[in-house]
Amino acid sequence: MRFIAIIFALIPLMASAIDLSKEQRAAIEERIQPYSQVCIAGDESCAGGAATTVAGGPRSGEDVYNGACMACHSTGAAGAPKVGDVAAWSNRLAKGMDALYDSGINGVAGSGMIAKGGCMTCSDEEINAAVDYMVENSQ
Ligand code: HEC
């Protein structure tokens, strides 16, 4: 996550080097906002989502899902089982919840499912809550 933040922090610098218009620069800065901002829980001004929250109690499964999982699991990107797709989830559910929690925390080797869906600020409990949320809405 920190590495990614550094890359995004460098984009405006690189952009200025290739002489972008003010409008282009503003558009880029707007696009990278959620990544370049650090949110403190309860801070109303940043709606960056669960993935960027650094303080506070455990987030709900729904919050974690919306912040860190939805990008793939609402669209089916990279072959991710879509939330709400009962058939896609029933096979996976047959493995048992522990196996699904394990996939959420450690990822699925050789697939787009990376450890914790890439949410390195998420605790194991928060990931499990997100898995619960996904499963509950896919039955
Ligand atoms: C970059 C895309 C991506 C993101 C983000 C992502 N997933 Fe996934 N996920 C996948 C893909 C692809 C699979 C299918 C992997 C396979 O079985 O081949 C998957 C599968 C899963 C499975 C089923 C694994 C199994 O053993 O059958 C669970 C559970 C899961 N994801 C949980 C999560 C949670 C929780 C998050 C957010 C914290 C998340 N995913 C974020 C791509 C993603």
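As the structure is a prediction and not an experimental result, all values here were calculated from the model.

Parameters and conventions
- Residues numbered from 1 in each chain as written.
- Predicted model: local features only at pLDDT ≥ 70, side-chain atom pairs only at ≥ 80, totals over all residues.
- Heavy atoms only, no water.
- Helix = DSSP H or I, 4+ residues; strand = E, 2+ residues; numbered from the N terminus.
- Disulfide = S-S within 2.5 Å.
- Buried < 20%, exposed > 50% of the residue type's maximum accessible area, 1.4 Å probe, protein only.
- Near = heavy atom within 4 Å.
- Polar contact = N/O pair within 3.5 Å; in protein donor to acceptor, adjacent residues only side chain to side chain.
- Nonpolar A, V, L, I, M, F, W, Y, C, P; charged D, E, K, R; others polar.
- Donors = N, O, S within 2.8 Å, 3.2 Å for Na, K, Ca; no water.
- Tetrahedral: all angles 85-135°; square planar, octahedral: opposite > 155°, others 65-115°.
- Expected span 1.5 Å × (residues − 1).
- Contact = heavy atoms within 4.5 Å.
- Phe/Tyr/Trp six-rings, centres within 6.5 Å; stacked < 30°, edge-to-face > 60°.

**A few points about the overall build of the protein chain**
Move 1: Within the protein chain, the regular secondary structure consists of six helices and zero strands.
Move 2: Mapped from its N terminus to its C terminus, the protein chain presents α and β elements in the order α-α-α-α-α-α.

**Quick word on the state of the cysteines**
Move 1: Going through the model one piece at a time under the given rule, you end up with one disulfide.
Move 2: Between C119 and C122 runs a disulfide, and the two sulfur atoms are separated by 2.0 Å. Handedness of the C119-C122 disulfide follows from its S-S torsion of about 80°: it is right-handed.
Move 3: Accessibility expressed as a relative area gives 2% for C122, which makes it buried.

**Re the site of the ligand**
Move 1: If you check the shell around the ligand, you find 23 residues, and the closest are C69, C72, H73, S103 and M113.
Move 2: Taking K95, its side chain carries an N or O atom lying 2.6 Å from an oxygen atom of the ligand.
Move 3: If you list the elements that add at least two residues to the shell around the ligand, you get α3 (61–73), α4 (86–93), α5 (97–106) and α6 (124–136).
Move 4: Residue composition of the shell around the ligand, by class: 14 nonpolar, six polar and three charged.

**Some remarks on the coordination of the iron atom of the ligand**
Put simply, the ideal angle at a metal is 109.5 degrees for four donors in tetrahedral geometry and 90 or 180 degrees for six donors in octahedral geometry.
Move 1: Protein coordination at the iron atom of the ligand: the donors are H73 (NE2) and M113 (SD), at 2.0 to 2.1 Å from the metal.
Move 2: Geometry at the iron atom of the ligand is octahedral, judged from its six donor atoms and the angles of 88 to 179° they form at the metal. With H73 in helix α3 and M113 in the loop between α5 and α6, this residue pair connects regions lying 40 residues apart in the sequence.
Move 3: Judged by relative accessible area, which is 23%, M113 ranks as partly exposed.

**Concerning α6**
Move 1: With 13 residues, α6 extends 18 Å from end C-alpha to end C-alpha; this agrees with the ideal 18 Å at 1.5 Å per step.
Move 2: Among all positions in α6, only E126, I127, A130, V131, Y133, M134 and V135 are buried.
Move 3: Elements in contact with the buried residues of α6: α3, α4 and α5.

**Quick word on the packing of aromatic side chains**
Move 1: Per the counting criterion, the structure on display carries one aromatic pair.
Move 2: Judged by centre distance (5.3 Å) and plane angle (40°), the ring pair of Y65 and Y133 falls under tilted. Residue Y65 is located in helix α3, and its partner Y133 is located in helix α6; the two are separated by 68 residues in the primary sequence.
Move 3: Using a relative accessible area of 6% as the deciding quantity, one classes Y65 as buried.

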